[in-house]
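# Fold and geometry: a report
Residue-level listing of the chains:
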Amino acid sequence: MRDEPMRSHLFSATSALYILWITMAQVAGQEDREKTTALKDLLSRIDLDELMKKDEPPFTFPKTLEEFEYAFNENGQLRHIQTGEPFVFNAREDLHRWNQKRYEALGEIITKYVYELLEKKCNLTKAFLPVDATDDEPRSFIYLSTDALTNPNKLLVLIQGSGVVRAGQWARRLIINQDLDSGTQIPFIMKAMEEDYGVMVLNPNENYLEVEKSAKDSPINSPAEPSDEPAEKRERKDEQESKKKREFYEKYRNPQKETETERIPIRENTSSEEHVLYVWDHFVSKAAAKNVFIIAHSYGGLSFVELMNQREMQVKNRVCAVALTDSAHNIWHQETSKGTQDWMQQCCCNWVSSPEPLDTQLEPMLPDCPRVSAGTERHELTSWMSFESIFRFFNEVLKTKEEEEAEESSNVVTTRSGSLKNKHQDL
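Residues numbered from 1 in each chain as written. Predicted model: local features only at pLDDT ≥ 70, side-chain atom pairs only at ≥ 80, totals over all residues. Heavy atoms only, no water.

Attention now moves to the overall build of the protein. Summing up its helical and strand segments, the protein has 14 helices and 13 strands in all. Within the span of the protein, comprising 427 residues, buried residues form 39% of the whole. Once local pairs closer than 6 in sequence are excluded, the contacts in the protein between residues at least 24 apart make up 72%. (Helix = DSSP H or I, 4+ residues; strand = E, 2+ residues; numbered from the N terminus. Buried < 20%, exposed > 50% of the residue type's maximum accessible area, 1.4 Å probe, protein only. Contact = heavy atoms within 4.5 Å.)

Below is the structure:
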């Protein structure tokens, strides 16, 4: 009984503290609401778009390497013409978006530069897609060696990964920051030609034509149409739009209005998978070579497996070997057949990013094809690091195939000879 007053006293003290805590929380909440209201009022009074532009340089960049004051030296490395230094991404401190736009502008120049090398150094020519394109529709293209369709023995098909890279490139980052050999397909093309392959260079990321929107197409300049929506619903929409703008301003310190564009898809080539299938149907399947070899990097491996799903028997009959480099395919997600999986076990090899030495056998992730180390942990370097191993793999597969064909031919001759001898004895 003597504990009752103590319990009562503790209960009263606890209740008082709880009420005080709630009161403080309400005051703090009120202060936050007042601050938010004040911030909204401030934002409504300031033209942030115009204010922020003043700190960010315009998105106007050089159109050539010379204007950028960069050039590739004798080792294929991009260097500043004046200082000899490698490319510097952060040309302007604290202006990440501007630096990124500058990097992208340089990337477009690099793409054109690689096209020139494909045509002048490798002597490749463009073949436009779709093959029956009209004059006024968007087109893509691939590159072909002079004997790509007529070489009776060997044809090499190169398929890059996804992203900004175009025909002839493995990785833009490597071209800019390392060298042309590691970042482009040119060493593979030159090696293939030395070993008497015909060559096809695919362009799976050229899927649309990007054109500038006219002012009349812009929703910003379109007159507002009267709405039958309830006022409450319109207010919610306005609030959501305001939130998006605030988030945009917070993400980019210096927003500039950029040119609005629209993308017009290239017929039957709107994705990497479509492109690879289209090139197979209209070029590879019509080539004279009895032995087709494929190198596919990253997403290019997924596109190849999708090709097998669509043209399984054709691929098995024509393709001799496939070198994958850090392939993004997945036989379960892509629902490949048991026959395709068995064929991949025999005819494919995947060089993957790994700290292990080059060509070290690795545990298989899925029951599709052998996995070996590319000798690097950098995804974008896997093709270049596997260069010699890939061509050695192709030569070994071809040699085995030729030996098997020779043995079969010999057996046929022996059988026919024995058959003729038996007939002679019967007579």
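Turning our eyes to something else, we now look at the sheet that holds strand β9 (residues 291–297). Spatially, nine strands are ordered β3-β4-β6-β5-β9-β10-β11-β13-β12 in an open sheet, and the strand pairing comes out mixed. Edge strands, defined here as strands with exactly one partner in the open sheet, are β3 (125–129) and β12 (361–362). Across six bridges, strand β5 (residues 154–159) lies against β9 in parallel orientation. Counterpart to Leu 155 in the pairing with β9 is Val 292. (Pairing = 2+ DSSP bridges.)

Turning our eyes to something else, we now look at the pairing of strand β10 (residues 319–325). For a regular strand, the rule is simple: side chains alternate between the two faces of the sheet. The element β10 is extensively covered by neighbouring structure, given that seven of its seven residues are classed as buried. Relative to β10, β9 is paired through six bridges, and the arrangement is parallel. Following the sheet pairing, His 297 is matched in β10 by Thr 325. With four bridges connecting them, β10 and strand β11 (residues 348–352) associate as parallel partners. Along β11, the bridge assignment pairs Leu 324 with Asn 350.

Moving on, we get to unusual backbone geometry. The omega torsion across Leu 129 and Pro 130 is -10 degrees, close enough to zero to call that bond cis. Mapped onto the elements, Pro 130 comes out in the loop between β3 and β4 (140–144).

Turning next to the nonpolar core. Counting 52 residues, the largest nonpolar core has Leu 118, Leu 156, Ile 295 and Phe 394 as its most contacted members. Ranked by residues supplied to this core, first place goes to helix α4 (residues 96–120) with ten residues. Here this core spans two domains, and each of domain 1 (53–122) and domain 2 (123–210 + 264–410) adds at least three residues to it. Look past the residues within four positions of Leu 156 in its chain and what remains in contact with it is Phe 188, Ala 192, Tyr 197, Gly 198, Val 199, Met 200, Phe 293, Ile 294, Ile 295, Phe 391 and Phe 394. Grouped together as the second largest cluster of nonpolar side chains are 36 residues, Leu 144, Phe 304, Met 344 and Cys 348 included. (Core = buried A, V, L, I, M, F, W, Y, C linked by side-chain atoms within 4.5 Å. Domains from an automatic or database assignment.)

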